[in-house]
Amino acid sequence: MTIASRSTLVLVTCGLLLLTFAPAQYFGRQQDDVLYFVGANALARGQYCLLTTPGCPALTVINPGWPLLLAPIAFFTERPGAYQIFSALLLALSPFVLWLWLKRRTDETSALLIIALFASNPLVFSQSGVVMSEIPFLLVQYLLLVAAENRAAWGVGLLSFALLSMRTAGLAVLPAVAWPFISRKKWRDASRALVLPFVFFVVWLAWCYRATGSVAKFDLLPGTYAQHFATKLLEIAVINLRWYTTTWGGCFLPPAWAGSMWAFLLGIGMAAFSIRGLFLVLRRRPEDPAALSLLGTGLLLTAWGWQYERYLLPLLPLLFWSVAQGLGQWKKPALVALLLLQIACQMAPRLGRPGPWDKPELSATYAWLSARPRPALLTSVEYVRDGYLSGLPSVPFPDFESPAQMAGALKSRGVRYVLSVQSLDYGLEADPTSLIRRSVDRAQRHLLDARFFRPIHSEPTEKSVIYEPL
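Note that the structure is predicted; figures quoted are calculated from it, not measured. (Residues numbered from 1 in each chain as written. Predicted model: local features only at pLDDT ≥ 70, side-chain atom pairs only at ≥ 80, totals over all residues. Heavy atoms only, no water.)

Participant: Would you explain the packing of aromatic side chains in this entry?
Facilitator: Centre distance and the angle of the planes are the two values used to describe a pair of aromatic rings. One pass over the structure, following the stated rule, counts 18 aromatic pairs. The interplanar angle of 75° and the centroid separation of 5.2 Å between the aromatic rings of F27 and F37 together place this pair among those described as edge-to-face. Taken together, the residues span a long stretch of sequence, with F27 in the loop between α1 (3–20) and α2 (32–44) and F37 in helix α2 at a distance of ten residues. Overall, the relative accessible area of 9% leaves F27 in the buried class. F37 sits in the buried class, given a relative accessible area of 6%. Their ring planes at 75° and their centres at 4.9 Å tell us that F37 and Y83 sit as a pair that is edge-to-face. Within this pair, whereas F37 is found in helix α2, its partner Y83 is found in helix α4 (residues 80–102), the two being separated by 46 residues in sequence. Site record: aromatic cluster; members linked through ring pairs are F27, F37, Y83 and Y388. Positioned above the aromatic ring of W357, the side-chain terminus of R29 is 4.1 Å from the ring centre. Over the face of the ring belonging to F137 we find R167, whose NZ or CZ atom lies 5.1 Å from the ring centre. (Phe/Tyr/Trp six-rings, centres within 6.5 Å; stacked < 30°, edge-to-face > 60°. Helix = DSSP H or I, 4+ residues; strand = E, 2+ residues; numbered from the N terminus. Buried < 20%, exposed > 50% of the residue type's maximum accessible area, 1.4 Å probe, protein only. Lys NZ or Arg CZ within 6 Å of the ring centre and 35° of its normal.)

Here is the structure:
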């Protein structure tokens, strides 16, 4: 078998393996997938607003790039299955895009091992067929790294524009791909690389501000760093370091051990080799786009107050590549060992079996809400997802100092149902002092005041209660 045919066989196998897990989650589990779906349908109607909320408010919480890519599907169907198929096919392309980037950065065997590690990673295959922006973002990011390494200024500009249009997290990558031009004082090439993403971002921020009087992504920061900035930054960094290293290390252990100290120690060990690899790469080539991209995104995740497993997806190939650089002559046996552990502990046990998220955790709750007489308006913390799966229009969960104010505001908006869920995961569980988390907890406590709210239905097994404002 020739080198080319062996590489093609591995890449095709990895892509097919990823497809076997689709759809890995029910549509709507992460709420943002519903937002992208709604955004695509709104764009197909010549709007960009939240169709599921009365008044169709401007959709400023998600960048328009991914909904725009999905919009052609909306001309043919509003069923989420078509969007899930398209998302799964994009993920199946990822091994081939990673190969374009890796084949010039390391030897063939190491490149294929890194791609196999990515494709067999539970964080990756658990997103197969999920209508989220991380996978298209990943594809564009690694094509962007290829363009940056080839010093293709216009290619860097176009792909940077596409990257930033999908996720604001692209801001952490842009300096890495522009620095090779700036460090060599090639100002014309640097401007070509930066002008398109800069113009897009300014226009996007201006549109958001005009529509809502604020910028959603940046409004989230005061909820994390409203007080004692330096102390809180250190606290968040420690929380995130432990959370992300444990999550990464848990990918190579049985699910029962995924959140254990062993997972943390394994994650820290791999992170140490990753840091060593980055040091070696940057010592040889200080402007290396891949290394700088990993550093920039790593710093962003260190300071960002939310913790989600999916945030690691675009980083995983860079992490495995930097670990390989740090391992030196031991990289191949170590990568093989990690691959075998990952397949044995995580991938093989899940092949051909229902996933843990094959149906909504609140199925009975949604069924009850779906059977209610119309018109009815719902509010909850994850109001877009809950409203969509219940078939009800929905509005954001309110935040008021007193239960009287909260009940009055809900009644004035015409809200009939308030959904409260005890076991809700909204990405802030690792930070008990988060202001946003405390405001949600306060609103949940307001619902217990019998003077202003009445429980009308509960599903104890789902830990949900539906209230009605009085």
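Participant: Would you mind going over the pairing of strand β3 (residues 417–421) with me for this structure?
Facilitator: Side-chain positions along a regular strand alternate between the two faces of the sheet. β3 sits mainly inside the fold: five of its five residues count as buried. Residues Y417, L419 and V421 line one face of β3 and the alternating positions V418 and S420 line the opposite face, and both faces are buried. In terms of strand pairing, strand β1 (residues 378–380) meets β3 through two bridges, oriented parallel. Among the inter-strand pairings, L378 is bridged to a residue of β3, identified as Y417. (Pairing = 2+ DSSP bridges.)

Participant: Sorry, what's going on with the pattern of salt bridges here?
Facilitator: A side chain with one charge may pair with a side chain of the opposite charge, provided their charged atoms come close. One pass over the full model with this rule turns up 22 salt bridges. Put simply, D399 and R442 hold a salt bridge, and the shortest N to O gap is 2.6 Å. Of this pair, D399 sits in the loop between β2 (394–396) and α19 (403–413) while R442 is found in helix α20 (residues 435–446), placing the two residues 43 residues apart along the sequence. Classification of D399 as partly exposed rests on a relative accessible area of 44%. Bridged by salt links that share partners, the residues R105, E149, R151, R184, R285, E287 and D288 form one connected network. (Salt bridge = Lys/Arg side-chain N within 4 Å of Asp/Glu carboxyl O.)

Participant: Sorry, what's going on with the state of the cysteines here?
Facilitator: A covalent bond between the sulfur atoms of two cysteines is what we call a disulfide. All told, the structure shown has one disulfide when counted by the stated rule. Lacking any disulfide linkage, C251 is separated from the closest cysteine sulfur, that of C345, by 11 Å. According to the relative accessible area criterion, C345 is buried, its value standing at 16%. (Disulfide = S-S within 2.5 Å.)

Participant: What is the right way to read helix α5 (residues 108–119) from this model?
Facilitator: Quick reminder: α-helices carry 3.6 residues per turn. Residues three or four places apart thus point the same way. Here α5 spans 16 Å end to end across twelve residues, near enough to the 16 Å set by a 1.5 Å rise per residue. Of all twelve residues that make up α5, eleven are buried, and the element is covered over most of its length. Listed in full, the buried residues belonging to α5 are E108, S110, A111, L112, L113, I114, I115, A116, L117, F118 and A119. Regarding α5, its N-cap is D107, as a side-chain oxygen of that residue lies 3.3 Å from the backbone nitrogen of T109 further along. (Expected span 1.5 Å × (residues − 1). Polar contact = N/O pair within 3.5 Å; in protein donor to acceptor, adjacent residues only side chain to side chain.)

Participant: Would you mind going over the environment of K463 with me for this structure?
Facilitator: Within the fold, K463 resides in the loop between β4 (453–459) and β5 (464–469). Between the alpha carbons of K463 and I115 there is a distance of 40 Å; along the sequence they are 348 residues apart. Those residues in contact with K463 that lie beyond four places of it in its chain are S420, V421, Q422 and S423. (Contact = heavy atoms within 4.5 Å.)

Participant: How should I be thinking about the nonpolar core in this particular structure?
Facilitator: In summary, soluble globular proteins display a tendency toward joint burial of nonpolar side chains. If you look at the biggest cluster of nonpolar residues, it comprises 102 residues, and the most contacted ones within it are W101, L318 and W321. The element best represented in this core is helix α7 (residues 134–149), accounting for eleven residues. For L318, the contacting residues outside a window of four places in its chain are W101, Q141, Y142, L145, A290, S293 and L294. V395, L410, V415 and V418 belong to the second largest nonpolar core, which has 15 residues in total. (Core = buried A, V, L, I, M, F, W, Y, C linked by side-chain atoms within 4.5 Å.)

Participant: Help me understand helix α14 (residues 289–303) in this model?
Facilitator: Here α14 contains 15 residues, and its C-alpha end-to-end distance of 21 Å stays within 8% of the 21 Å for a straight helix at 1.5 Å per residue. Among all positions in α14, only P289, A290, A291, S293, L294, T297 and L301 are buried. Against the buried residues of α14 lie α4, α7, α9 (174–183), α12 (229–249), α13 (261–284) and α15 (316–327). N-capping of α14 is provided by D288, with a side-chain oxygen placed 3.2 Å from the backbone N of A290.

Participant: Would you mind showing me how to read the packing of α9 against α14 here?
Facilitator: The axes of two packed helices give the description: the angle between them and the distance between them. Two numbers describe how α9 lies on α14: the axes approach to 7 Å, and their chain directions differ by 145°. In terms of crossing hand, the pair formed by α9 and α14 is right-handed. Contact residues: α9 offers A176, W179 and P180, while α14 offers P289, L292 and S293. In terms of residue class, the contact of α9 with α14 is made up of five nonpolar, one polar and no charged. (Axes fitted to C-alpha atoms, helices over the stretch in contact; angles between N-to-C directions. Left-handed = near helix turned anticlockwise from the far one by under 90°. Nonpolar A, V, L, I, M, F, W, Y, C, P; charged D, E, K, R; others polar.)

Participant: I would appreciate a short explanation of the packing of α7 against helix α8 (residues 153–166) in the present structure.
Facilitator: Two numbers describe how α7 lies on α8: the axes approach to 9 Å, and their chain directions differ by 160°. In terms of orientation, α7 lies roughly antiparallel with respect to α8. For the crossing formed where α7 meets α8, the hand is left-handed. When α7 is examined against α8, the residues P136, F137, V140, Q141, L143, L144, A147 and A148 are found in contact with a partner set consisting of G155, V156, L159, S160, A162, L163 and M166. Considered class by class, the residues forming the contact of α7 with α8 number twelve nonpolar, three polar and no charged. (Parallel < 35°, antiparallel > 145°, perpendicular 65-115°, else oblique.)

Functional significance is not addressed by these values, which are geometric in nature.
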